[in-house]
Amino acid sequence: MGSGAGGPRETAPGQQLRALFYALPPGESSFRTVEEVPDYVEKSIPFFIAFIGLEFAVSWAQKRKLAGRINDGISSLSLGILSRLPDVLFRSIDLISYIYIWNNYRLFELPWDSPWTWYLTFLGVDLAYYCFHRISHEVNILWAAHQVHHSSEDYNLFTALRQSVLQKYTSWIFNLPMALFIPPSVFAVHLQFNLLYQFWIHTEVVTKLGPLEWILNTPSHHRVHHGRNPYCIDKNYGGTLIIWDRIFGTFEAEDAKVVYGLTHPANSFDPIMLQLRPLAHIWNTFWATPGFCNKLSVIFKGPGWGPGKPRLGLPEEIPVITGKEVPFNPSVPAYLNCYAVIHFAVIMDLYTGLLGSVTMLSQGTILLRIGFIILSLTSFGLLMENRPKADILEIIRCLVFVAVYKFGHLRSQFTSLGYAYEVRHLFLNFSADYPGFFLSS
């Protein structure tokens, strides 16, 4: 989680794997200081990749079909990268705010090495997540951020990585009561474990888990949460445990086949648009709605609210599911899919390289790399949509790459990237002769 005296403690691969399932007991995951807490999330990246590959293999064996689509998968990964870019520049606001309250306002101090503190924090972090998650669905301005995670019309492990840039700037508030008595090092562990647990439940290849369905949030329960069927709306908010939904009346068991995504699909793979369009909608609705109180309701009531309606809107206005819904899937040539996958892999490498070398880079170089990553993710999204002029933006992106690579502002762990630099020269020459190649059918 940070670097300090002694630095973060290393974790063995077996421990890291168990961390994904919240299966590291107190004796293996209790630390005196925040600086000693491993970055479990970053160390889980190889396991994310391995499980995604396993999910695709199992899905093919079960149904003779892949678990997702290239365009939606690239979109989910792009949103995941985008959500983590602010952490390159700033320390997590969750920890900054928590440590501040702990240092200045704590009432008493529970022992960091007590199993009772560990289990109490487990329950506290999960309850705080339930509260935040529920409010994110019931308050329009918070839903504008959270809806990014629900915008995929596929449901697979890629979807788990589909995150909002803005959500983290409100979620931290719900954890602050624990800072009055729970040490930051214990909180930092459970904050990561709660997030990691929610990765593996984003899948259709796991059906039911027997008696565990009564206590844990499982793939079956979370499929309901991601559904746009009327019976799925605003249900199953739990993170690790499903008991909060059972206690507070928001539980719903999986029944009819779940259709995933938003009730009004976003129909886009552009990561910037997916992040910002809901805010633009709130802005326009705010000014178009008469009356000061109604304007405030646009912001603070549910996304389905309108004048004269209940706080969360009318259930009968939720679009009916016919079973014939077709996901947004623009037709693009096969070679364009290959192109996008290869170039996205390069950007993934640049991103992981940035995470690993951020302390050695100047602020200007960091900002330049972040800017190039955002430009690349946007270009890929527009290419996957088969948008007009997307090929022009991609040519511009390649020109930028050549320039910043030539002057040493981009470096990659790929030893072959030097060859890619030369290939891009050929690509640019080809594009100059055939500017419409990328979007031709």
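All values derive from a computational prediction rather than experimental measurement.

Attention now goes to the UniProt feature "transmembrane region" (unreviewed entry) in the protein chain. The residues that UniProt annotates with the feature "transmembrane region" (unreviewed entry) are residues 172–193, 334–354 and 366–384. End-to-end, the C-alpha atoms of residues 334–354 are 30 Å apart, and along that stretch the chain is 100% helix and 0% strand. Annotated as 100% helix and 0% strand, the span residues 366–384 places its first and last C-alpha atoms 27 Å apart.

Right, let's get into the pattern of salt bridges. Applying the stated criterion to the full structure yields 14 salt bridges. One salt bridge in this structure joins Asp 72 and Arg 162, with 3.9 Å as the shortest N-O distance. Placement of the pair is Asp 72 in helix H4 (residues 70–89) and Arg 162 in the loop between helix H8 (157–160) and helix H9 (168–171), with a sequence separation of 90 residues. What makes Asp 72 buried here is its relative accessible area of 3%. Residues participating in the shared-partner salt-bridge network are Arg 69, Asp 72, Asp 154 and Arg 162.

The tally for this structure, following the rule as stated, stands at 22 aromatic pairs. Here the aromatic rings of Phe 286 and Trp 287 are separated by 5.1 Å at their centres, their planes lie at 90 degrees, and the arrangement is edge-to-face. Three or more aromatic residues joined by ring pairs form one cluster here, namely Tyr 22, Tyr 40, Trp 118, Tyr 119, Phe 122 and Phe 193. Its end group placed over the ring of Trp 102, Arg 106 keeps NZ or CZ at 4.5 Å from the ring centre. In this arrangement the basic side chain of Arg 246 is found over the ring face of Phe 251, its NZ or CZ atom lying 4.0 Å from the centre.

The probe, sized like a water molecule, is rolled over the atoms to show the empty space still left. Counted according to the given criterion, the structure contains 1 cavity of 30 Å³ or more. The volume enclosed by the largest cavity comes to roughly 50 Å³. If you go around the largest cavity, the residues you meet are Arg 69, Asp 72, Ser 151, Ser 152, Glu 153, Arg 162, Asn 267, Ser 268, Phe 269 and Phe 328. Across the lining of the largest cavity, the residue classes break down as 2 nonpolar, 4 polar and 4 charged.

Moving on to unusual backbone geometry. The backbone of Tyr 22 shows a phi angle near 60 degrees, a positive value even though the residue is not glycine. Looking at the secondary structure, you find Tyr 22 in the loop between helix H1 (13–19) and helix H2 (40–43). A positive phi is found at Asn 236, a non-glycine position, where the angle reads about 55 degrees. Looking at the secondary structure, you find Asn 236 in the loop between helix H11 (219–225) and helix H12 (243–248).

Reading the values: the criteria
- Residues numbered from 1 in each chain as written.
- Predicted model: local features only at pLDDT ≥ 70, side-chain atom pairs only at ≥ 80, totals over all residues.
- Heavy atoms only, no water.
- UniProt positions renumbered as here; feature names shortened; annotations may be inferred.
- Helix = DSSP H or I, 4+ residues; strand = E, 2+ residues; numbered from the N terminus.
- Salt bridge = Lys/Arg side-chain N within 4 Å of Asp/Glu carboxyl O.
- Buried < 20%, exposed > 50% of the residue type's maximum accessible area, 1.4 Å probe, protein only.
- Phe/Tyr/Trp six-rings, centres within 6.5 Å; stacked < 30°, edge-to-face > 60°.
- Lys NZ or Arg CZ within 6 Å of the ring centre and 35° of its normal.
- 1 Å grid on protein atoms, 1.4 Å probe; cavity = no way out; pocket = protein on both sides within 12 Å on 5 of 7 lines; lining within 4 Å.
- Points joined across faces, edges and corners; volume = space filled by probe spheres on them.
- Nonpolar A, V, L, I, M, F, W, Y, C, P; charged D, E, K, R; others polar.

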